[in-house]
Amino acid sequence: MSTCAWETYYQQLSSARRGHAVWNADPGEEPAVEIADVGYMEMGAFIRLFNASKEIGDTYNKFGTPEGYEPIDVGPVRHGTLSAIQPVTSKTVRERRIAGGVSGGSMVQSGGGFAFECTEEPGAALMLRQDAHSIDTLDEITFARYVRDNHSKWLKFANDVHRRGISADELLIVTGCDKASSQWLGVAFFTPPNEVAFEFQVGNAGVAQGGVSVWGSWNHLAVQAGPSSQTNSHNQCVFLRGYKLCDRPSMRRRMGLILRKKPLDDGFMHLHPTKGDDNIRKNCIYLRAWTYIYRLGCRVYFNYMLLWMLLSIALLMIVSIVCARCYGGLAARIVGAPRGALPH
């Protein structure tokens, strides 16, 4: 179990299926997160190296670009919203809507709010004052192939040029994100020895100005809020979606397949290295052939076992009938024989 607030936060909110929950969502003086940003996560914040869709010399590429850089066309995108009506919580968190101010504490705000509690497992929650704007690329295959073809150049650019010291599976490209205004609040808490409950109010000044009242130990609770400067500009990336190159050995990787796995607990999609499109198609044919052979073998084995079971039942029934007739006649002869006489 992790004791870092940002790790607990994204691990617990992975059940929301929104991607990677970003603990430090404020970009500060940097431009907001955009699709095709290439970077890595560091202490709950996204660190941009460059944007793969921008031209050389663009503001997003002020730190340079990798050798042999060729921009990618983002293609069509899908827009949506992350509703602020219902907080985003982990499965271990129970929440309820409250009205009025917080009683029993020195921090009281007007307006309604939410109360949360988690008694057994780690948990996390995210609350928004306004709906967050979401955007995702629809051209996933192009992005997957772009990662495969350029990942080694990106890693060299990050470590040899900028001396970041990151591993291959830390590098990612952004394919989508949810961006909120500055009025948001995230909470991560760890397994407490006793019940821990907390509540915060959504006041007129926004979440960042709301009160927080906690019952329990502060050692088991971490709170992260948007910047103090209230703005309606949606530049706070609260959820991040993207591709990573998986460096874990597996049968699919050895076969050279480019397959998307289910999101791991970090919220990103992990791709397997490949050796070219022709190899992909060839190995897909091999995989389908082996799958067919395996299924055929399973069917033959199942039918054999079923036939063997039916034959066994039939043989057992025949033996039972024969035994019943033989021993039935013998019993009748014994019953009808004179006392002291034995049947011949």
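As a reminder, the structure under discussion sits directly above these lines.
These numbers were taken from a predicted model, which means no experiment stands behind them.

Participant: How should I be thinking about a nonpolar patch on the surface in this particular structure?
Facilitator: A cluster of nonpolar side chains, Tyr-301, Phe-302, Tyr-304, Met-305, Leu-306, Trp-308, Met-309, Leu-310, Ile-313 and Met-317, forms an exposed patch at the surface whose accessible area comes to about 1,100 Å². Looking at the element boundaries, Trp-308 is found in helix α4 (residues 277–336).

Participant: For this particular structure, what's the right way to read helix α1 (residues 5–12)?
Facilitator: A turn of α-helix holds 3.6 residues, and therefore any two residues three or four places apart point the same way. Among all positions in α1, only Ala-5, Thr-8, Tyr-9, Tyr-10 and Gln-12 are buried. Packed against the buried residues of α1 are β1 (20–21), β8 (123–128), β11 (184–189) and β14 (221–225).

Participant: Whenever I open this one, the nonpolar core confuses me. Can you help?
Facilitator: Side chains of a nonpolar character, in soluble globular proteins, are inclined to be buried together. Grouped together as the largest cluster of nonpolar side chains are 56 residues, with contacts concentrated most on Leu-126, Leu-128, Ile-173 and Leu-240. Looking at which element gives the most residues to this core, the answer is helix α2 (residues 140–161), with eight residues. Leave out the neighbours within four places in its chain, and Leu-128 touches Leu-82, Ser-83, Ala-84, Ala-180, Gln-183, Trp-184 and Val-238. Counting residues in each nonpolar core, the second largest holds eight residues, with Phe-116, Cys-118, Leu-185 and Phe-189 among its members.

Participant: Even after reading the chapter, I still don't get the environment of Thr-89, so can you show me in this structure?
Facilitator: With respect to the helices and strands, Thr-89 occurs in strand β5 (residues 88–89). Measuring from C-alpha to C-alpha, the distance between Thr-89 and Ala-16 comes to 7.5 Å, with 73 residues separating the pair along the chain. Leave out the neighbours within four places in its chain, and Thr-89 touches Leu-13, Ser-15, Glu-95, Phe-116, Ala-124 and Ala-125.

Parameters and conventions
Residues numbered from 1 in each chain as written. Predicted model: local features only at pLDDT ≥ 70, side-chain atom pairs only at ≥ 80, totals over all residues. Heavy atoms only, no water. Patch = residues over 30% accessible without salt bridge, like charges linked within 9 Å, V, L, I, M, F, W, Y side chains within 5 Å. Areas by Shrake-Rupley, 256 points an atom, 1.4 Å probe, with all protein chains shown as cover. Salt bridge = Lys/Arg side-chain N within 4 Å of Asp/Glu carboxyl O. Helix = DSSP H or I, 4+ residues; strand = E, 2+ residues; numbered from the N terminus. Buried < 20%, exposed > 50% of the residue type's maximum accessible area, 1.4 Å probe, protein only. Contact = heavy atoms within 4.5 Å. Core = buried A, V, L, I, M, F, W, Y, C linked by side-chain atoms within 4.5 Å.

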